Amino acid sequence: MSADTVSGAARHVVFAPLTEGGRVDEVVRRISEAVALGLLADGEQLPSETELANTLHVSTVSLREALVALRQRGLVETRRGRSGGSFVRAPVDATVPRLRKLLAEFSVHELREIGDQHVAVAGTAARLAAERASRDHLERLASLVDQLAEAKTAGDRRRADGRFHIETAAAAQSTRLTRQEIDLQGEIGELLWIPFGEAVGLEETVRQHREILDAIADADGTRARALTEAHVEKGIARLLEFRLHLSAR
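Residues numbered from 1 in each chain as written. Predicted model: local features only at pLDDT ≥ 70, side-chain atom pairs only at ≥ 80, totals over all residues. Heavy atoms only, no water.

Draft legend 1. Focus on the packing of helix 5 (residues 96-104) against helix 11 (residues 221-248). Contact geometry for helix 5 and helix 11: axes closest at 10 Å, N-to-C directions at 95 degrees. The orientation of helix 5 with respect to helix 11, classified from their angle, is roughly perpendicular. For the pair helix 5 and helix 11, the contacting residues are Arg100, Leu103 and Ala104 in the first and Leu239, Phe242, Arg243 and Leu246 in the second. Here the residues of the contact of helix 5 with helix 11 sort into five nonpolar, no polar and two charged. (Axes fitted to C-alpha atoms, helices over the stretch in contact; angles between N-to-C directions. Helix = DSSP H or I, 4+ residues; strand = E, 2+ residues; numbered from the N terminus. Parallel < 35°, antiparallel > 145°, perpendicular 65-115°, else oblique. Contact = heavy atoms within 4.5 Å. Nonpolar A, V, L, I, M, F, W, Y, C, P; charged D, E, K, R; others polar.)

Draft legend 2. Here's a closer look at the side chain of His137. Positionally, His137 belongs in helix 7 (residues 135-150). Each residue touching His137, except ones within four places of it in the same chain, is listed here: Arg132, Ala170, Ala171 and Gln173.

Draft legend 3. Representation of empty space enclosed by the protein in the model. On inspection of all chains with the given rule, the structure shows two cavities of 30 Å³ or more. Reported here for the largest cavity is a volume of approximately 100 Å³. Taken together, 12 residues form the lining of the largest cavity, with His118, His165, Leu192, His231 and Val232 sitting closest to its centre. Elements supplying a minimum of two residues to the lining of the largest cavity: helix 8 (154-171), helix 9 (175-188) and helix 11. (1 Å grid on protein atoms, 1.4 Å probe; cavity = no way out; pocket = protein on both sides within 12 Å on 5 of 7 lines; lining within 4 Å. Points joined across faces, edges and corners; volume = space filled by probe spheres on them.)

Draft legend 4. Highlighting the layout of surface pockets. Each pocket or cavity is described by its volume, and for the largest pocket that value is around 630 Å³. If you trace the largest pocket, you find 24 residues lining it, with Ala36, Ala94, Arg98, Arg158 and Glu190 closest to the centre. Within the lining of the largest pocket, the residues separate by chemical class into 12 nonpolar, three polar and nine charged.

Draft legend 5. Structural detail: helix 4 (residues 60-72). The end-to-end C-alpha separation of helix 4 is 18 Å, in line with the 18 Å expected for 13 residues at 1.5 Å each. Among all positions in helix 4, only Ser62, Leu63, Ala66, Leu67 and Leu70 are buried. The buried residues of helix 4 occupy one face: seen down the axis, they fall within an arc of 140 degrees. Those residues of helix 4 that are exposed and aimed more than 90 degrees away from the buried face are Val61 and Gln72. On its buried face, helix 4 is in contact with helix 2 (23-36), helix 3 (49-56), strand 1 (76-79) and strand 2 (85-88). Backbone geometry just after helix 4 places Gly74 at a positive phi near 75 degrees. (Expected span 1.5 Å × (residues − 1). Buried < 20%, exposed > 50% of the residue type's maximum accessible area, 1.4 Å probe, protein only. Arc of directions from axis to C-beta.)

Structure (structure tokens):
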């Protein structure tokens with residue numbers, strides 16, 4: 001997914017100043033999520049160390065430590081010379097055993113809590129998007145629905161699905177909701193698309209996204225919120241069912 005399909009609002013959130021402690025870990029988490037979700041494109045050059053440190057409000061030393069950790073994870077590569085710098089490397093999609101192991105590490109209570117938060121965030125974002133979305137926002141959301149419909153791999157489906165929710169929050173013109181949606185997608189987004197145990201189905205999800213988009217385009221905030229909440233709740237319910245199935249094996 002190319003960088004030019006990412007809204008300015010979503011990219012603004014990626015590079016917004018950090019306000020939390022543990023700056024090195026927070027920089028690593030912020031960039032890792034953005035790369036995994038396609039908010040930063042494969043091969044894209046990051047700003048210079050000085051510019052990125054100033055933008056994120058961290059020291060150059062902390063930023064360099066974060067870049068080392070990102071290189072070790074294979075998410076960033078550094079090139080020397082006049083045309084050098086730090087460049088994004090798209091991650092290899094996680095294997096099914098790794099994803100199942102990750103899911104097993106979540107308790108049922110934790111998944112339910114995350115689901116409750118996601119319902120609140122995504123539902124509110126959809127309602128506000130119906131009030132505030134521009135034509136550009138609607139076109140971007142429509143493009144993401146088409147990308148999901150055409151996606152061939154679980155990783156591509158996960159990124160298109162996650163980006164739809166992130167761009168809905170961006171269409172709501174809320175930095176906080178966009179940040180929360182990015183965090184939620186980074187936390188459990190890929191688990192919803194575990195091959196051979198998807199919590200969501202492709203055709204059903206595409207249909208639900210189109211219905212949500214139609215409600216936003218019709219400026220019907222109540223319907224957009226209800227559809228989004230039902231969509232998220234269904235995915236979480238199926239994920240909980242799959243988590244319990246893994247426990248019983």
